[in-house]
Every structure is written in structure tokens, then in C-alpha cells.
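Listed here are the chains, written in short residue letters.
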Amino acid sequence: MLLPRSLFSKQFRLMLLPLFGILVFILLMIYNFSMAVQKISVCFVHSESDSEPTVKDLPKILGDVLLTKPRPTPGRSIFFLETSCPHDPHLLQLTARQACAIESAALHNPNFQVFVLFASPRNQPQGESKEALIDAILSYPNVQLRRLNLMRYAEGTPIEDWLKGGQLFRSSYLIIHISDLLRLITLYRFGGIYMDLDVVVLRSLENVPLNYAGAESDTHVANGVMSLAPTGFGHQFAASCLRDFQINFDGGDWGNNGPGVITRVAQTICGTKNITMMLQDRNRCHEFQVHDRNAFYAVPWTDWRHFFEPEFVEETLKRTKDSYLIHVWNKHSHQHSIRVGSSTAYGKIAEQNCPRSYAAAGKFF
């Protein structure tokens with residue numbers, strides 16, 4: 001039986017309507033994602049004319065780490081990276097947790113310079129900065145605040161040409177992957193020690209031989225704490241990491257370009273994928289040392305709440321008593337603040353190891 005042409009045409013139009021709606025939805029999603037990526041990218045890719053204020057009375061921008069003295073002392077500097085993209089692109093601000101990480105590093109390593117590198121332009125503190133946490137960390141003479149220009153920072157490194165191709169800026173985890181890349185470029189340029197901004201340093205690292213990272217699990221070496229020498233083996237290791245980053249880059253995978261990079265390079269250097277063998281046979285990794293979990297990750301990410309809940313305070317302090325630092329897993333815990341003075345492991349550790357930031361935080365930390 002043949003349908004009248006008018007009826008067939010009506011049914012066909014009805015079928016097209018939901019398909020058209022789906023197509024419009026997909027196009028809107030693509031547009032919104034593209035606009036979000038473009039907005040974030042502006043934070044990190046800028047010319048010097050974009051960075052410098054044009055009005056004489058405006059606050060000055062933080063000095064560039066490559067141009068401003070004092071510059072990092074190769075192999076004798078600790079680095080933190082701040083890669084967020086604030087609504088006010090020039091706002092100089094840190095959270096209490098970030099300030100604690102910086103202060104604890106400066107406190108326990110007075111003979112190292114501690115550089116906090118901002119990946120987007122930020123204003124210099126002006127006298128009394130009105131930011132108590134900024135004042136707290138700058139009360140340490142070995143703390144330096146600097147900005148960096150991503151494209152210039154990559155010049156002369158093995159990642160320079162790849163970065164110009166733009167693949168990084170199509171990442172689904174752009175801020176995370178920029179952070180992953182910048183820590184590798186930093187260690188390639190200067191050597192020294194890189195740390196995440198959600199750690200608290202518990203004791204000095206000044207006499208720990210360079211060229212190390214820490215095991216986070218039985219399968220991965222983590223990139224939350226990394227140390228490389230500025231020359232020789234350490235510099236070659238950093239170059240290998242930068243090459244691996246671009247060869248195996250996956251913008252849709254959160255961890256592939258971070259812990260994935262240093263894990264793969266360590267596996268090649270050590271001649272095994274077995275983390276336990278890396279720990280047990282120190283000679284097989286040549287000049288690179290993989291520390292066991294107790295060094296930097298004694299409390300795994302699955303137990304992040306143990307830092308913040310009073311019932312775990314004694315257990316957590318016992319687990320971390322021999323650690324170089326703790327890692328409070330900000331990815332999972334960033335919305336979980338503690339009341340200053342409360343009986344939690346994080347509170348007790350912070351009060352002892354970043355006392356000025358702890359005091360400046362107010363009611364909550």
C-alpha cells in the first residue's frame with residue numbers, strides 16, 4: 001500500500017526535527033567548549049605588551065623568572081607552580097593551603113631559594129599587600145614570586161616546536177596539562193626540586209641527592225614531587241620527559257601526561273615496569289632514585305579524609321612521622337577546610353610546619 005506523498009512528507013519532517021535538535025545541541029557543546037578553551041588559553045599565551053601596564057600609576061607586574069634577579073640557582077632551588085586562571089587576570093592571591101606549602105618549604109630549606117611561578121601575569125605586592133597570606137610567605141627571605149611566559153619559557157627546550165603546533169591547547173584538561181608541562185620545563189632549565197602546592201614539608205631536603213621522585217602506587221611513579229640535577233644525568237632525564245610528553249600526549253587523559261610521563265621514562269631508565277624492583281634494586285635505575293611511598297605519599301589519595309577528620313589524627317601522624325612531606329590530595333580535598341585550632345592531622349602538621357600561614361588564615365584553613 002502506497003502512502004500519499006503529503007503524508008510521507010509530513011512524517012519525514014517529523015523525523016528530521018529531533019535529529020535537527022540533536023545536531024544543534026552538539027554544535028552548541030562544541031562552541032561552548034571552544035570558547036572555554038580560548039578563554040583559558042588567553043591566561044597563558046600573551047605578549048609582553050599584554051603583560052605590562054600602560055598607565056604609570058598601575059601596579060607593576062611580577063618579574064619574569066628568566067629576566068628578573070635573583071634568578072634560580074641551578075640545583076639549589078625549590079619550585080611551585082600556580083596555573084589557575086583567575087577572573088581578575090592580575091590578582092595576586094594564594095589559598096591558605098598553597099601558602100602553607102610554600103612556607104613549609106622555605107622554613108625547612110633555608111639554604112634553598114623557593115620560587116613560586118605564576119603562569120599568568122600577576123601584580124607585584126605593593127607595600128602592605130592586604131593579603132595576609134602573601135605577607136606571611138614573603139616574610140621568609142628565601143621566597144621569590146615570579147611570573148613566566150609559557151611560549152618564551154619553552155624556547156630552546158625539546159618541547160618548543162611541538163608547543164607551537166597548538167595541540168596542548170586542545171586538551172580537555174588544559175590547566176592540568178599546562179602544569180604537567182611547566183614542571184618539566186622548569187627542571188630542564190634549572191634542575192632542583194618541584195613540589196605541588198598541596199604539600200606540607202616536614203623536614204629538610206637540602207642534603208637529599210638530586211634525581212628522584214616517589215612511588216605513589218605499585219604501578220606509578222608520581223610527579224607531585226620531582227628532583228633533577230641541572231646538568232648531566234638529571235638534565236638528560238628532563239629532556240627524555242619532554243620528548244615523552246609530546247610523543248605520547250593525550251589531551252583526553254588526565255594522568256597520561258603527568259605521572260604517566262615520569263613513570264614511562266623511569267621504566268626505560270630502570271629497565272623494568274615493576275615499581276617494587278625499582279625500590280629494591282637501587283642500582284638498576286642508575287642515578288635516579290624512586291623513593292617508597294612513605295617519603296611523599298604515606299597517606300594515599302584513597303585516604304585523603306584522614307588528614308581532615310579528628311578520629312584519624314593519631315594514626316595519620318604516626319603514618320607520616322618519617323616522611324619528608326605530606327600530600328593532602330587537593331583534587332579530592334579542596335572543598336574540605338578545617339577550623340583553625342581543631343584536632344586534625346592536617347591542622348597539627350600545618351601549625352608546626354607553616355605557623356605564619358596558619359596564623360594568617362583566619363577561622364578556617
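Just above, that's the structure.
What counts and what doesn't
Residues numbered from 1 in each chain as written. Predicted model: local features only at pLDDT ≥ 70, side-chain atom pairs only at ≥ 80, totals over all residues. Heavy atoms only, no water. Helix = DSSP H or I, 4+ residues; strand = E, 2+ residues; numbered from the N terminus. Buried < 20%, exposed > 50% of the residue type's maximum accessible area, 1.4 Å probe, protein only. Contact = heavy atoms within 4.5 Å. Areas by Shrake-Rupley, 256 points an atom, 1.4 Å probe, with all protein chains shown as cover. Pairing = 2+ DSSP bridges. Axes fitted to C-alpha atoms, helices over the stretch in contact; angles between N-to-C directions. Parallel < 35°, antiparallel > 145°, perpendicular 65-115°, else oblique. Left-handed = near helix turned anticlockwise from the far one by under 90°. Nonpolar A, V, L, I, M, F, W, Y, C, P; charged D, E, K, R; others polar. Salt bridge = Lys/Arg side-chain N within 4 Å of Asp/Glu carboxyl O. Expected span 1.5 Å × (residues − 1). Core = buried A, V, L, I, M, F, W, Y, C linked by side-chain atoms within 4.5 Å. Disulfide = S-S within 2.5 Å.

Check the secondary structure of the protein and you find 15 helices and nine strands. Here the protein, with 365 residues, has 49% of them falling under the buried criterion. Considering only residue pairs separated by 6 or more positions, the protein has 77% of its internal contacts joining residues 24 or more positions apart. If you sum the accessible surface of the protein, you get close to 18100 Å²; carbon and sulfur atoms cover 56% of it.

Here we have seven strands laid out as an open sheet, ordered 3-2-1-4-7-6-8, and mixed in their pairing. Across the chains shown, the open sheet's two edge strands, defined by having one partner strand only, are strand 3 (143–147) and strand 8 (289–291). The mean angle between the axes of side-by-side strands here comes to 25 degrees, regardless of whether they run parallel or antiparallel. Taken strand by strand, helix 9 (residues 259–270) contacts strand 6 (212–215) and strand 7 (221–228), and its axis lies near 65 degrees from that of strand 7.

Attention now moves to the packing of helix 8 (residues 232–247) against helix 9. As a packed pair, helix 8 and helix 9 sit with axes 9 Å apart at the nearest point and diverge in direction by 125 degrees. Taken together, the axes of helix 8 and helix 9 are oblique relative to one another. Helix 8 and helix 9 meet at a crossing whose hand is right-handed. Contacts from Phe233, Phe237, Ser240, Cys241, Asp244 and Phe245 in helix 8 reach Val261, Ile262, Arg264, Val265, Ala266 and Ile269 in helix 9. Within the contact of helix 8 with helix 9, the residues separate by chemical class into nine nonpolar, one polar and two charged.

On to the pattern of salt bridges, then. A full pass over the atoms with the stated rule returns 11 salt bridges. Of the charged contacts, one joins Arg293 and Asp218 as a salt bridge, the two residues approaching to 2.9 Å between their closest N and O atoms. In this pair, Arg293 is assigned in helix 11 (residues 293–296) and Asp218 in the loop between strand 6 and strand 7, connecting sequence segments 75 residues apart. The class for Arg293 is partly exposed, based on a relative accessible area of 37%. Close ionic contact of Arg319 with Glu315 constitutes a salt bridge, the shortest N to O distance being 3.5 Å. In this pair, Arg319 and Glu315 are both assigned in helix 12 (residues 313–319), four residues apart and thus about one turn of the helix distant. Of the residues examined, Arg319 reaches a relative accessible area of 27% and is grouped as partly exposed. Among the charged side chains, a salt-bridge network with shared partners connects Asp180, Arg183 and Asp196.

With 17 residues, helix 7 (residues 174–190) ought to run about 24 Å at 1.5 Å a step, and its terminal C-alpha atoms sit 24 Å apart, in line with that. Positive backbone phi, at 65 degrees, marks Gly191, one or two positions downstream of helix 7.

Of all hydrophobic cores here, the largest spans 53 residues; its most connected members are Phe80, Ile102, Leu145, Met195, Tyr346 and Phe365. Here the element with the most residues in this core is helix 3 (residues 96–108); it accounts for seven residues. Aside from chain neighbours lying at most four places away, what touches Leu145 is Leu62, Leu92, Val116, Phe118, Pro125, Ile134, Ile137 and Leu138. Formed by 48 residues, the second largest nonpolar core is a distinct cluster that contains Leu168, Phe233, Cys241 and Ile262.

By the definition in use, this model includes two disulfides. Linked covalently through their sulfurs, Cys100 and Cys354 form a disulfide whose S-S length is 2.0 Å. Handedness of the Cys100-Cys354 disulfide follows from its S-S torsion of about -80 degrees: it is left-handed. Linking Cys100 in helix 3 with Cys354 in the loop between helix 14 (345–353) and helix 15 (355–360), this pair joins segments that are 254 residues apart in sequence. In this structure Cys100 comes out as buried when scored by relative accessible area, which is 0%. A residue is classified by how much of its surface remains accessible, and Cys354, at 0% relative accessible area, is buried. Between the sulfur of Cys270 and that of Cys285 lies a disulfide, 2.0 Å long from S to S. Taking the sign of the S-S torsion, about 115 degrees here, the bridge from Cys270 to Cys285 comes out right-handed.

The buried count for strand 3 comes to five of five residues, which makes it a mostly enclosed element. Where burial is concerned, the two faces of strand 3 agree: the one with Val143, Leu145 and Arg147 and the one with Gln144 and Arg146 are both buried. Strand direction decides the pairing type here: strand 2 (residues 113–118) and strand 3, joined by five bridges, are parallel. In the sheet register, Val116 faces strand 3, and the bridge partner there is Leu145.

In the contact formed by helix 3 and helix 14, the axes pass within 9 Å of each other and the chain directions differ by 45 degrees. In terms of orientation, helix 3 lies oblique with respect to helix 14. As for the relative orientation of helix 3 and helix 14, their crossing is left-handed in sense. Mapping the contact onto sequence places Arg97, Cys100, Glu103, Ser104, Leu107 and His108 in helix 3 and Tyr346, Ala350, Gln352 and Asn353 in helix 14. Looking at the contact of helix 3 with helix 14 residue by residue, the class counts come to four nonpolar, four polar and two charged.

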